[in-house]
Amino acid sequence: MGKKTIHVSDFSGTAIQPDDEVVRVVVLEHPDLVAGPVRLDATPVEVEGIDDAALDVAVVEIHDRHGDGEPRRVVLTASEFDAMATDVPMAQLLKTAERVRPQKARRGAERVDYGTVEHAGRPHRGRVTEEEARLVRERLDEVNKRLADAGIRQVDPTDPEHAARYGFPTVP
């Protein structure tokens with residue numbers, strides 16, 4: 001007995017043929033997104049108008065007494081944000097404003113053992129050990145639930161990169 005995998009577009013449910021291009025759409029933020037970023041597959045035709053529909057927005061953090069010391073992230077149209085600058089045009093203000101550097105991760109942090117079920121399958125730059133690959137293959141549902149709960153991409157055994165990384169059998 002054999003198995004056949006059919007890929008379908010997450011947007012339309014139509015079958016994606018093996019020779020067709022698959023476009024990966026990663027949803028980073030959405031009001032209905034509860035567990036962090038997700039990946040959707042689509043055809044090129046389904047997403048060809050996405051750039052035309054894009055909005056010019058400004059994403060800002062407000063650091064004030066609200067939020068218990070945590071900044072509030074706000075998204076507004078670029079024109080609404082630009083209108084807030086009444087003394088000098090916003091474009092000029094942004095060119096001359098003080099630069100803010102993102103906080104760097106602390107060096108010397110504790111080393112993560114990806115060969116444990118607690119961390120197996122998490123994205124990392126290092127080499128995947130046989131222990132981590134075995135855990136991901138044998139406990140895929142558990143690993144993916146933990147990853148989804150943490151808002152991290154899940155392991156997809158049909159993704160050629162994931163199949164190679166974790167030793168899943170590939171379908172020709």
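Sequence order as written defines residue numbering, which begins from 1 separately in each chain. Per-residue local features of the predicted model are confined to residues with pLDDT of at least 70, and side-chain atom pairs are confined, for both listing and counting, to 80 or more; whole-chain, interface and lining totals are unaffected and use all residues. With hydrogens and water stripped out, all remaining heavy atoms of the structure feed into the side-chain values.

**Regarding the overall build of the protein chain**
So, point 1. Only DSSP runs of H or I with at least four residues qualify as helices, and only runs of E with at least two residues qualify as strands; both kinds are numbered from the N terminus onward. Along its length, the protein chain carries 7 helices and 6 strands.
So, point 2. The helix and strand sequence of the protein chain, counted from the amino end, reads β-β-β-β-α-α-β-β-α-α-α-α-α.
So, point 3. With respect to the three principal axes, the spread of C-alpha positions in the protein chain is 75 × 45 × 25 Å.
So, point 4. When a residue's accessible area, from a 1.4 Å probe over protein chains only, is under 20% of the maximum for its type it is buried; when over 50% it is exposed; and in between it is partly exposed. The buried share among the 172 residues of the protein chain stands at 22%.
So, point 5. Throughout, the Shrake-Rupley method with a 1.4 Å probe supplies accessible areas, and for residues the shown protein chains are the sole cover considered. Accessible area for the protein chain stands at about 14100 Å²; split by element, carbon and sulfur atoms hold 52% of it.

**Focus: helix α6 (residues 140-149)**
So, point 1. For α6, the complete set of buried residues consists of L140, V143, N144, L147 and A148. With its buried residues spanning 130° around the axis, α6 presents them on a single face. In α6, the exposed residues that point more than 90 degrees away from the buried face are D141, K145 and D149.
So, point 2. Between two residues, a contact is recorded if the distance between any of their heavy atoms is within 4.5 Å. Of the surrounding secondary structure, the elements contacted by the buried residues of α6 are α5 (130-138).
So, point 3. Of the residues one or two after α6, G151 is the one with positive phi, at around 75°. By definition, the arc is the one covered by directions from the helix axis to the C-beta atoms.

**Side note on the pattern of salt bridges**
So, point 1. Criterion for a salt bridge: a side-chain nitrogen of Lys or Arg within 4 Å of a carboxyl oxygen of Asp or Glu. Applying the stated criterion across every chain, the model contains 11 salt bridges.
So, point 2. A salt bridge links R72 to D64; the nearest nitrogen and oxygen atoms lie 2.6 Å apart.
So, point 3. The exposure class of R72 is partly exposed, given its relative accessible area of 35%.
So, point 4. Take D64: its relative accessible area is 30%, and that puts it in the partly exposed class.
So, point 5. For K145, the salt bridge is made with D149, and the minimal N-O distance between the two is 2.8 Å. Taken together, the positions of K145 and D149, both in helix α6 and 4 residues apart, correspond to about one turn of that helix. Each member of the pair, K145 as well as D149, is classed as exposed.
So, point 6. One continuous salt-bridge network, built from bridges that share partners, spans R24, R39, D41, D156 and D159.

**Notes on the side chain of D159**
So, point 1. Among the secondary structure elements, D159 is positioned in the loop between α6 and α7 (160-166).
So, point 2. A relative accessible area of 6% places D159 in the buried class.
So, point 3. Contact partners of D159, with chain neighbours within four places excluded, come to R24 and R39.

**Examining α5**
Residues spaced three or four apart along an α-helix point in a common direction, a consequence of the helix completing one turn every 3.6 residues.
So, point 1. Those residues of α5 not exposed but buried are E132, A133, L135 and V136. What you see down the axis of α5 is that its buried residues fit within an arc of 160°, all on one side. Projecting away from the buried face of α5 at angles above 90 degrees are the exposed residues E130 and E138.
So, point 2. Against the buried residues of α5 lie α6 and α7.

**Side note on a nonpolar patch on the surface**
So, point 1. Taken together, the side chains of L55, V57, V59 and V75 make up a nonpolar region of the molecular surface, amounting to roughly 370 Å² of accessible area.
So, point 2. By secondary structure assignment, the location of L55 is in the loop between α2 (50-53) and β5 (57-62).
So, point 3. Note on L55: relative accessible area 66%, which makes it exposed. Each patch is built from salt-bridge-free residues with over 30% relative accessible area, joining like charges within 9 Å and nonpolar side chains (Val, Leu, Ile, Met, Phe, Trp, Tyr) within 5 Å.

**Let's talk about the pairing of strand β3 (residues 23-27)**
So, point 1. Only one face of β3 is covered, namely the one carrying V23, V25 and V27; the face carrying R24 and V26 has none of its residues buried.
So, point 2. Across 5 bridges, the pairing between β3 and strand β4 (residues 38-42) is antiparallel. Its bridge partner lying in β4, V25 is registered against L40. Here, strands pair whenever DSSP counts at least two bridges between them.

Bear in mind that shape data such as this cannot, by itself, settle questions of function.
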